[in-house]
Amino acid sequence: MTSTLTTPTSDFKGFGYRIAQIENNTHCNYKCWFCPNAYDNPAPKECMDIEQFRKILLEIRSVYTAWDLNDISFATYNEPNLDDTFKEKLQIMTNMGFQYEHISNGSMITTKLTDWLIKNPQNIKNFRLNIPTLDEKKWNNITGASLTVMYRMYYQLMYLFERKNELNFPITVIVNGDGSEEHKQEFMKVYQKFKTCPEGINFTMTGLIDRAGTLEGVECDTQKMKSGEINWGDQPLKCTADYFNNLYFGIKGNVFYCCHDYHQKYSCGNINETPLREILKSENHANQKYRFMNDFCSKCEQARPLERVN
C-alpha cells in the first residue's frame, strides 16, 4: 500500500487549477467537530434539480473553454452522495467533457455505486475521502455520526478499495485534524485499518482552519482548532488558496465567492436571472467581492496582504 504522508498544515494552497464547486445537495449526515454543520443551522435538505444543474454547466462553458475551467466538485458542506441523482449528474458531466473532483466523507459510497463506476467509467480526476478517524471510541465525538455508519462505511470502502484496479481514477484517503500527536495517531489507525487493500490507495493528512474565525476555539475530546485573532484591516489582500479563481454555485443557481461562506451570504447574482458572463463582469460582482474581502477575508488565515505575496 502506498502512503503519502504530508505535514498537516492549514495553509492550503488551493487545488492548483481552477474549479467550479456546485451545491448538488444541501445535506450532510455528519456533524464533524471542525465543520460549521456541527454548530450552525444548515439549509433545509434539498437536491439540485437536474435541469438547474445542466444549466449551470452550460453557463460555465459559455464563459470558459475546457482549457480555462474543466473541473467540477460538489463539496459545499454537504455529502455529495446523498443526492439521489448523483450518478445522473456525474454522467451529464462526463458526456459534456467535464472532469469531476470527488470530495466526500465516504459514508455513502455503496457497493452498488462502486459496481456502477466499474461498469460505467466516468471522467473522475480524483476520488478524495475525508476520514478523520476509525476509532470506535472516538468516532461519535469526532464525526457526530453513529457507529453503525462507521461499520457500514468501512465495509463499503473495503469493497471499493479491493476493486481499485477495475476503476479508472486515483483514490486518496485524507485524515483531517489539528496537526497534533493525537491527529497523527488517528492517521496511523486509519492507515492500519486499510493496510490489506491493494496498492495504489494514497493516504495523507491535512490540517484545519477556523474559517475566518467562525470556528475559533472549537474542539473535540482529543483535538482543538488552532486559532489566533487575525485582522488584516483594510489592506489589499490576496487569497493564498486562490479561491477567487474558482466559481461557486448554490443550489438555486446563485453565484458566490468562497467555499468558506457557509450561508452564501455574499452572493453576487443568479444564473436564472442573469447570464454568468454578465454576472462576472457586473459592477455588483466587483462591489460584493470588495465587501466580502473586507468583511470576511480580512479575518481569514488564508489571506495575505498583497505587499507580502507580490
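Quick caveat: nothing in here was measured; it's all calculated off a predicted structure.

Asker: What am I meant to see in empty space enclosed by the protein here?
Answerer: Where empty space is left becomes clear once a probe the size of a water molecule has been rolled over the atoms. The final tally for this structure, using the stated rule, is one cavity of 30 Å³ or more. There is about 90 Å³ of room inside the largest cavity. Lining the largest cavity we find Cys-239, Tyr-243, Phe-244, Cys-258, His-260, Phe-292, Phe-296, Cys-297, Cys-300, Gln-302 and Ala-303. When the residues that make up the lining of the largest cavity are grouped by side-chain class, the tally is nine nonpolar, two polar and no charged.

Asker: How do you make sense of the environment of Met-158 when you look at a structure like this?
Answerer: Structurally, Met-158 is set in helix H5 (residues 147–161). Taking the relative accessible area as the measure of exposure, Met-158 reaches 12% and is therefore buried. Between the alpha carbons of Met-158 and Pro-198 there is a distance of 10.0 Å; along the sequence they are 40 residues apart. Met-158 has contacts with Lys-193, Phe-194, Thr-196 and Cys-197, leaving out every residue within four places of it along the chain.

Asker: Please explain the pattern of salt bridges as it appears in this structure.
Answerer: Oppositely charged side chains may form a pair once their charged atoms are brought near each other. Evaluated as defined, the whole model comprises 12 salt bridges. Of the charged contacts in the structure, one is a salt bridge between Lys-125 and Asp-71, with a shortest N-O distance of 3.5 Å. Here the residue Lys-125 occupies a position in strand E4 (residues 124–130), and Asp-71 occupies one in strand E2 (residues 71–73), the gap between them amounting to 54 residues. Among the salt bridges present, the one from Lys-189 reaches Asp-135, with a minimum N-O distance of 2.8 Å. Highlighted residues: Lys-189 in helix H6 (residues 181–193) and Asp-135 in the loop between E4 and helix H4 (139–143), separated in sequence by 54 residues. Connected through salt bridges with shared partners, the residues Asp-135, Lys-138, Glu-182, Glu-186 and Lys-189 form a single ionic network.

Asker: Looking at this structure, I do not really get the packing of helix H3 (residues 111–119) against H5. What am I missing?
Answerer: If you want to describe how two helices pack, look at the angle between their axes and the distance between the axes. Between H3 and H5, whose axes approach to 9 Å, the crossing angle comes to 15°. For the element pair H3 / H5, the angle class is roughly parallel. For the pair H3 and H5, the crossing hand works out as right-handed. The segment H3 lies against H5, with Thr-111, Thr-114 and Asp-115 engaging Tyr-155, Gln-156, Tyr-159 and Leu-160. Counted by class, the contact of H3 with H5 contains three nonpolar, three polar and one charged residues.

Quick notes on the rules
Residues numbered from 1 in each chain as written. Predicted model: local features only at pLDDT ≥ 70, side-chain atom pairs only at ≥ 80, totals over all residues. Heavy atoms only, no water. 1 Å grid on protein atoms, 1.4 Å probe; cavity = no way out; pocket = protein on both sides within 12 Å on 5 of 7 lines; lining within 4 Å. Points joined across faces, edges and corners; volume = space filled by probe spheres on them. Nonpolar A, V, L, I, M, F, W, Y, C, P; charged D, E, K, R; others polar. Helix = DSSP H or I, 4+ residues; strand = E, 2+ residues; numbered from the N terminus. Buried < 20%, exposed > 50% of the residue type's maximum accessible area, 1.4 Å probe, protein only. Contact = heavy atoms within 4.5 Å. Salt bridge = Lys/Arg side-chain N within 4 Å of Asp/Glu carboxyl O. Axes fitted to C-alpha atoms, helices over the stretch in contact; angles between N-to-C directions. Parallel < 35°, antiparallel > 145°, perpendicular 65-115°, else oblique. Left-handed = near helix turned anticlockwise from the far one by under 90°.

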